[in-house]
Amino acid sequence: MDKIIRIGTRSSELALWQANTVAKQLDGLGYKSEIVKIDSIGDIVLDKPLYELGITGVFTKNLDIALLNDKIDIAVHSFKDVPTKLPNGIVQGAILKRGDFNDILVLKEDENFFTNDTAIIATGSLRRKAQWLYRYPHHTITGLRGNVNTRLQKLEDNDWDGAIFAAAGLKRLKLLPEKEKHIKLDWMIPAPAQGAVMVAVLDENEELKAICTELNHEDTATCVKIERDFLRVLEGGCTAPIGALALIIKEELMFKGVLFSPDGKNKIEFSKSVELDKIGDLGVYAANYILDRGGKKLMREEIIIEKDINIYSTKNLSLNQVNSISSHIGSLMSDFITTRSNRLKPMVVKKPIKNVIFTSQNAVEALLENFSPMELQFENMYCVGKRTKRLIEKKIGKVSQDENSAEKLANYLVENLSEKEVTFFCGNKKREELSNILNENNIVVNEVESYQTALTPRKIDEKINGILFFSPSAIESFLTQNKATDIVAFCIGETTATVARKYFKNVEVSKVSTIESVIETANEYFKVKE
């Protein structure tokens with residue numbers, strides 16, 4: 001092509017970074033280009049959250065008009081801002097290789113506010129708001145709009161504890177704060193196509209479409225198509241809290257999609273891994289899965305159970321776990337507790353440790369967030385639960401002994417430990433049985449608080465026959481807003497069951513300490529009762 005390609009873009013610094021990236025790639029292919037700045041409605045109206053503007057494509061509409069009126073040749077967009085249905089005559093020309101898809105929390109001071117009863121977090125995204133409130137319902141969300149620099153300045157000027165940003169934007173503008181001033185929110189599901197840049201072109205311009213194909217990154221295109229199919233079927237746009245992420249790892253594609261109620265009190269989640277040659281309409285299937293399980297009602301903040309027998313899980317279940325629930329049993333779920341890993345100092349594992357104890361997967365995961373497996377020089381590892389054992393042996397090394405309760409593990413150590421000292425990686429809400437038994441038997445326990453557990457209770461208004469508990473903390477969380485009444489408590493192990501028996505008349509304990517076993521216990525119980 002001899003003519004100069006006119007690249008349409010918004011005038012924000014981040015949008016210009018995207019446009020200049022496209023220009024550089026075109027130049028590398030031998031094509032000349034120029035930047036044409038066009039502002040959008042989303043750039044002009046900054047005093048309202050995006051979900052209150054009531055306009056589809058607030059950041060793309062003016063660029064679409066310019067493209068259709070031949071004022072530009074291609075338009076460059078942050079793909080997460082693009083409506084799932086493009087205007088007639090405009091097509092997706094290319095998707096650049098995806099950047100960082102994560103959200104991050106930029107801290108005003110430090111992360112100590114997590115220990116307070118309240119906190120103020122800033123974001124203009126309904127998706128981020130719903131996910132944050134789901135995890136931290138006692139926090140307050142305040143609106144935040146403007147370009148990246150403006151939002152960072154607003155955080156500096158206001159009495160907030162933190163603000164949520166897309167990691168890609170901060171990295172691209174070289175504005176990512178030092179490690180101590182931000183937290184990667186790897187638990188927050190990003191917006192569909194977050195971190196990806198899309199190039200739009202007129203469908204009739206065959207020459208430009210061919211040029212755009214040279215810019216296209218196939219793996220990114222595959223992943224974001226699934227995410228946007230998921231979004232399209234759910235009909236979310238900017239007005240519903242929808243998150244989706246597809247990742248290609250070796251020869252498999254891993255997908256997770258989630259829909260929250262606008263107030264962040266409830267969610268429905270889908271996750272699945274498939275071989276690359278068997279993807280099919282995965283995004284569509286995932287969205288329909290969520291819609292079939294009350295997705296439309298959830299967007300209206302209602303959930304209705306229509307079966308005679310209903311159970312409630314105090315932990316969100318995977319697709320396979322939900323499918324293992326008997327067909328005659330209705331199910332609902334919410335996370336009644338959430339966890340956050342602490343930052344541990346290098347000195348914690350600087351020297352080899354002879355004996356370590358883990359009573360939960362959370363402690364293992366927290367340790368692995370701080371250190372590489374090579375840094376964890378442990379001679380003997382002891383744990384509670386089969387799932388914790390599997391995680392340790394997959395990521396760190398061989399487990400010397402596992403038991404299904406903290407009390408049994410403590411008694412085993414009393415009988416078999418030659419060196420009378422252990423390091424216990426635990427959470428802030430640990431039960432005291434293990435430490436007490438060891439201390440009473442003159443075994444020194446060095447406790448390392450590696451993660452924080454926060455209660456996220458929900459009021460259950462529906463008729464529930466059984467409730468699934470996976471920790472004593474979940475029971476505590478449940479009872480803050482609900483009564484035990486005659487509900488059957490299904491518990492993952494004896495430690496949890498011991499607490500449950502104080503409040504519930506009927507307590508059933510799973511055969512082994514796994515989520516699947518708890519579900520099977522409920523299936524068997526209600527099969528007998530039919």
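Please read all numbers here as calculations on a predicted model, not as lab measurements. (Residues numbered from 1 in each chain as written. Predicted model: local features only at pLDDT ≥ 70, side-chain atom pairs only at ≥ 80, totals over all residues. Heavy atoms only, no water.)

Colleague: What exactly am I supposed to notice about the confidence of the model for the protein here?
Modeller: Detailed reading of predicted coordinates is not advised where the pLDDT is low. For the protein, per-residue confidence averages 88 on the pLDDT scale, and residues scoring 70 or more make up 93% of the total. This stretch, residues 41-57, has a pLDDT under 50; its non-local contacts, to residues over four places away or in other chains, come to 31 contacts. (pLDDT = per-residue confidence, 0-100. Contact = heavy atoms within 4.5 Å.)

Colleague: Please clarify how the sheet that holds strand β9 (residues 182-185) should be interpreted in this entry.
Modeller: Remark on secondary structure: sheet strands pair via backbone hydrogen bonds, oriented parallel or antiparallel. Strand order across the open sheet formed by five strands is β7-β6-β8-β5-β9, with mixed pairing between neighbours. Lying at the two open borders of the sheet, with one neighbouring strand each, are β7 (140-142) and β9. Across this sheet, the average inter-strand angle for adjacent strands is 30°, counted without regard to direction. Direction of pairing for strand β6 (residues 120-122) relative to strand β8 (residues 162-166): parallel, over a ladder of two bridges. Within β8, the residue paired with Ile 121 across the bridge is Gly 162. (Pairing = 2+ DSSP bridges. Helix = DSSP H or I, 4+ residues; strand = E, 2+ residues; numbered from the N terminus. Axes fitted to C-alpha atoms, helices over the stretch in contact; angles between N-to-C directions.)

Colleague: Would you explain the nonpolar core in this entry?
Modeller: The nonpolar side chains of soluble globular proteins are, as a tendency, buried together. Phe 230, Leu 253 and Phe 255 are the most contacted members of the largest nonpolar core, which has 41 residues in total. When residues no more than four places from it in sequence are discounted, the contact partners of Phe 230 are Ile 242, Gly 243, Ala 244, Phe 255, Gly 257, Val 258, Gly 283, Ala 286, Ala 287 and Ile 290. (Core = buried A, V, L, I, M, F, W, Y, C linked by side-chain atoms within 4.5 Å. Buried < 20%, exposed > 50% of the residue type's maximum accessible area, 1.4 Å probe, protein only.)

Colleague: Can you help me understand unusual backbone geometry in this one?
Modeller: Comment: phi is negative for the bulk of residues other than glycine, and the bulk of peptide bonds are trans. A positive phi angle, near 70°, is found at Ala 193, a position not held by glycine. One can find Ala 193 in the loop between β9 and β10 (197-202). Among the residues examined, Ala 193 registers a relative accessible area of 0% and is labelled buried. Of note in this structure, Lys 250 is not a glycine but carries a positive phi near 60°. Tracing the sequence through the fold places Lys 250 in the loop between β11 (242-249) and β12 (252-260).

Colleague: Can you help me understand the packing of aromatic side chains in this one?
Modeller: Enumeration over the complete set of coordinates arrives at 22 aromatic pairs. Here the aromatic rings of Phe 114 and Trp 132 are separated by 6.2 Å at their centres, their planes lie at 35°, and the arrangement is tilted. Taken together, the residues span a long stretch of sequence, with Phe 114 in the loop between β5 (103-107) and β6 and Trp 132 in helix α4 (residues 126-135) at a distance of 18 residues. Taken as a pair, Phe 114 and Trp 132 share a single burial class, namely buried. An angle of 70° between the planes, with centres 5.5 Å apart, marks the rings of Phe 230 and Phe 255 as edge-to-face. Placement of Phe 230 in helix α8 (residues 218-234) and of Phe 255 in strand β12 is noted, with a sequence separation of 25 residues between them. Grouping residues by exposure puts Phe 230 and Phe 255 together as buried. When the ring centre of Phe 114 is taken as reference, the NZ or CZ atom of Arg 340 above it lies at 3.9 Å. (Phe/Tyr/Trp six-rings, centres within 6.5 Å; stacked < 30°, edge-to-face > 60°. Lys NZ or Arg CZ within 6 Å of the ring centre and 35° of its normal.)

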